[in-house]
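# Commentary on secondary and tertiary structure
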Amino acid sequence: MVKEAILSVKDAEKEAENLIEEAIKNAKEAEKNAEKEALDRFKEITDNAKADAKRIREEAEQKAAAEAEPIIEEGERLYEENLHKADEKIDKLAEQILERIVS
């Protein structure tokens, strides 16, 4: 009877060791899966953030270009206007100089 009890305890110890080994194996596999899932999720989040940043940048560039266009057009108009006025002044001065030379 004592022998049977000892064998029973040994069997229980062996079964406990097997359960511990299986639990360790499962824990390592769960950790590995969790790490992979976390990396996949991180990549997904960073990819989404990059796409959002690109979209926001493009929208900002389009908005800035749309806002700048009338300013540029006004600048070009003023440049042409001032250039025309300068040409008129040069022509007028040239006429005055010619009049002084002739008279």
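Relevant structure appears above.
This is a predicted model, so every value here is computed, not measured.

What follows covers the overall build of the chain. Counting secondary structure elements, the chain contains one helix and zero strands. Relative to the 2.2 N^0.38 estimate, which gives 13 Å for 103 residues, the radius of gyration of the chain is 43 Å and therefore markedly larger than a compact globule would have. Reported as C-alpha extents along the three principal axes, the dimensions of the chain are approximately 150 × 20 × 10 Å. Taking all 103 residues of the chain together, the buried fraction comes to 0%. Counting every atom, the chain has about 9800 Å² of accessible surface; 59% of that belongs to carbon and sulfur. Distance between charge centroids for the chain: 4 Å, based on 19 positive and 30 negative side chains.

When the terminal C-alpha atoms of helix α1 (residues 2-102) are compared, their 144 Å separation across 101 residues agrees well with the 150 Å that a helix rising 1.5 Å per residue should span. Along its length, α1 reaches its greatest deviation from straightness, about 30 degrees, at Ala68, and the proline Pro70 lies no more than four positions downstream.

This part is about a nonpolar patch on the surface. Together, Leu93, Ile97, Leu98, Ile101 and Val102 give the surface a local cluster of nonpolar side chains, amounting to about 550 Å² of exposed area. The exposed category is assigned to Leu98, whose relative accessible area is 54%.

For the rest of this paragraph, the subject is the environment of Ala27. The residue Ala27 is located in helix α1 in this model. Residue Ala27 is classed as partly exposed on the basis of its relative accessible area, which comes to 46%. In the structure, Ala27 is positioned 43 residues away from Pro70 in sequence and 65 Å away in space, judged by C-alpha atoms.

Summed over the entire model, instances satisfying the criterion amount to nine salt bridges. Where Arg77 meets Glu81, a salt bridge forms, and the shortest distance between an N and an O atom there is 2.8 Å. With Arg77 and Glu81 both in helix α1, this residue pair falls four residues apart, about one helical turn. Three or more residues joined by partner-sharing salt bridges are found here, namely Glu74, Arg77, Glu81 and Lys85.

Cut-off values and rules
Residues numbered from 1 in each chain as written. Predicted model: local features only at pLDDT ≥ 70, side-chain atom pairs only at ≥ 80, totals over all residues. Heavy atoms only, no water. Helix = DSSP H or I, 4+ residues; strand = E, 2+ residues; numbered from the N terminus. Rg over C-alpha atoms; globule rule 2.2 N^0.38 Å. Buried < 20%, exposed > 50% of the residue type's maximum accessible area, 1.4 Å probe, protein only. Areas by Shrake-Rupley, 256 points an atom, 1.4 Å probe, with all protein chains shown as cover. Lys, Arg positive; Asp, Glu negative; His and termini not counted. Charge placed at Lys NZ, Arg CZ, Asp CG, Glu CD. Expected span 1.5 Å × (residues − 1). Bend = angle between axes of the 7 residues up to and from the residue. Patch = residues over 30% accessible without salt bridge, like charges linked within 9 Å, V, L, I, M, F, W, Y side chains within 5 Å. Salt bridge = Lys/Arg side-chain N within 4 Å of Asp/Glu carboxyl O.

Worth remembering: the numbers are spatial, not functional.
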